[in-house]
Every structure is written in structure tokens, then in C-alpha cells.
Amino acid sequence: QVQLVESGGGLVQAGGSLRLSCAASGRTFSSYAMGWFRQAPGKEREFVAGITSSGGSTNYADSVKGRFTVSRDNGKNTVYLQMNSLKPEDTAIYYCAARLSTLRFVITTEERYAYWGQGTQVTVSS
């Protein structure tokens, strides 16, 4: 089992940047595929970005491509989401998720992730 703790959320003006971190417990982090999801008020949770266990493959929602970058440091048991050129529509609670998987493609459906963090609020003002 793995426990996830997100950090780095906050309030930022449109056009600004934030970096989210997700620290994972356990000694087998390098065997987990990781994903970032978000949920805006009144909307369903949606996939934002994901990275395979090795870090060799990433995938992004169309709405964030070119602005967000997902990365991981298996030595630090941490996955990151660098968010640049933020827009008001990026306002949401951001969650990281983990799934024991060594697949070489990114999992984009939330139902396939077994472990979730508590979420961190990102608010982008116009």
C-alpha cells in the first residue's frame, strides 16, 4: 500500500506558475504509475497528466498540453506537476494517484488508480 501527500497548491494570477508535488510512502515507488487529476466545482474529476513507473512515458489532457509538465524522482519517492501559463479554468482541486503498474503506457482513467492523495487547491485569478 502507498500513501500520497500533495503540496504546492495556492492562489496565483493568470499567466503564473505553480509546481505541485506528491510525496509517496513505501519502498516500491518505482513500481507505481502516477497520475494527476483535478476536479473543479460542479464538475467531474478529470485526467490532467500521467507518467509511467519508469518515467519513460508521459501523457497529458489536451487542455494542458504545452503548459503542464509531469515528472518524477524515484529516488525521492515524489512526482511533480509543473504548471505554467495558468488560466482561470485551471482552478480546481488537484489530486495525485498511484497504481502498481510497470506498463509502458500512461493510464488515464481514474478507475484504474488504486491510491489517492487528499488533494491540493489551485486557484487562478483573472
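Residues numbered from 1 in each chain as written. Predicted model: local features only at pLDDT ≥ 70, side-chain atom pairs only at ≥ 80, totals over all residues. Heavy atoms only, no water.

Looking only at helices and strands, one finds 0 helices and 11 strands in the protein. Counted from the first residue to the last, the protein has its helices and strands arranged as β-β-β-β-β-β-β-β-β-β-β. Its C-alpha radius of gyration of 13 Å places the protein within 12% of the 14 Å reference for a compact globule of 126 residues. Here the C-alpha coordinates of the protein stretch approximately 40 × 25 × 25 Å along the principal axes. Put simply, of all contacts in the protein between residues at least 6 apart along the chain, 60% involve residues at least 24 apart. With the model as given, the accessible surface of the protein reaches about 6,400 Å², and the carbon-plus-sulfur share is 45%. Averaging the coordinates of the 13 positive side-chain charges in the protein and doing the same for the 9 negative ones gives two points 8 Å apart. (Helix = DSSP H or I, 4+ residues; strand = E, 2+ residues; numbered from the N terminus. Rg over C-alpha atoms; globule rule 2.2 N^0.38 Å. Contact = heavy atoms within 4.5 Å. Areas by Shrake-Rupley, 256 points an atom, 1.4 Å probe, with all protein chains shown as cover. Lys, Arg positive; Asp, Glu negative; His and termini not counted. Charge placed at Lys NZ, Arg CZ, Asp CG, Glu CD.)

Below, the discussion takes up the state of the cysteines. Disulfide: a covalent bond formed between the sulfur atoms of two cysteine residues. As enumerated under the stated definition, the model contains 1 disulfide in all. At a sulfur-sulfur separation of 1.9 Å, the disulfide partner of Cys22 is Cys96. Since a negative S-S torsion denotes a left-handed disulfide, the Cys22-Cys96 link at about 45 degrees is right-handed. Of the two residues, Cys22 sits in strand β3 (residues 18-24) while Cys96 sits in strand β9 (residues 92-100), which places them 74 residues apart along the sequence. Judged by its relative accessible area of 0%, Cys22 is buried. (Disulfide = S-S within 2.5 Å. Buried < 20%, exposed > 50% of the residue type's maximum accessible area, 1.4 Å probe, protein only.)

Okay, the nonpolar core next. In terms of nonpolar packing, the biggest core is built from 30 residues, with Met34, Trp36, Leu81, Met83 and Tyr94 touching the most fellow members. Going through the elements one at a time, β3, β4 (32-39), β5 (46-51), β7 (68-73), β8 (78-83), β9 and β11 (120-125) are the ones with two or more residues in this core. For Met83, the residues in contact, after removing those within four places along its chain, are Gly16, Ser17, Leu18, Leu20, Arg67, Phe68, Tyr94 and Val122. Counting residues in hydrophobic clusters, the runner-up holds 6 residues, among them Phe47, Ala97, Val106 and Tyr113. (Core = buried A, V, L, I, M, F, W, Y, C linked by side-chain atoms within 4.5 Å.)

Next up on the list: the packing of aromatic side chains. One pass over the full model with this rule turns up 5 aromatic pairs. Taking the centre distance of 5.4 Å and the plane angle of 75 degrees together, the rings of Phe37 and Tyr113 count as edge-to-face. With a gap of 76 residues between them, Phe37 in strand β4 and Tyr113 in the loop between β9 and β10 (115-116) connect regions that are remote in the sequence. Taken as a pair, Phe37 and Tyr113 share a single burial class, namely buried. Ring centres of Phe37 and Trp116 lie 5.0 Å apart, and the angle between their planes is 55 degrees; this geometry places the pair in the tilted category. (Phe/Tyr/Trp six-rings, centres within 6.5 Å; stacked < 30°, edge-to-face > 60°.)

Further remarks concern the pairing of β7. Residues of β7 alternate between two faces, with Phe68, Val70 and Arg72 buried on one and Thr69, Ser71 and Asp73 left unburied on the opposite face. The antiparallel hairpin formed by β7 and β8 contains 4 residues in its connecting segment, where Asn77 sits at a positive phi of about 55 degrees. (Pairing = 2+ DSSP bridges.)

Leaving glycine out, the prevailing phi sign among residues is negative, and the prevailing peptide bond configuration is trans. Phi at Asn77 takes a positive value of approximately 55 degrees, unusual for a residue other than glycine. Along the chain, the position of Asn77 falls in the loop between β7 and β8. A positive phi angle, near 50 degrees, is found at Ser85, a position not held by glycine. Tracing the backbone through its elements, the reader meets Ser85 in the loop between β8 and β9.

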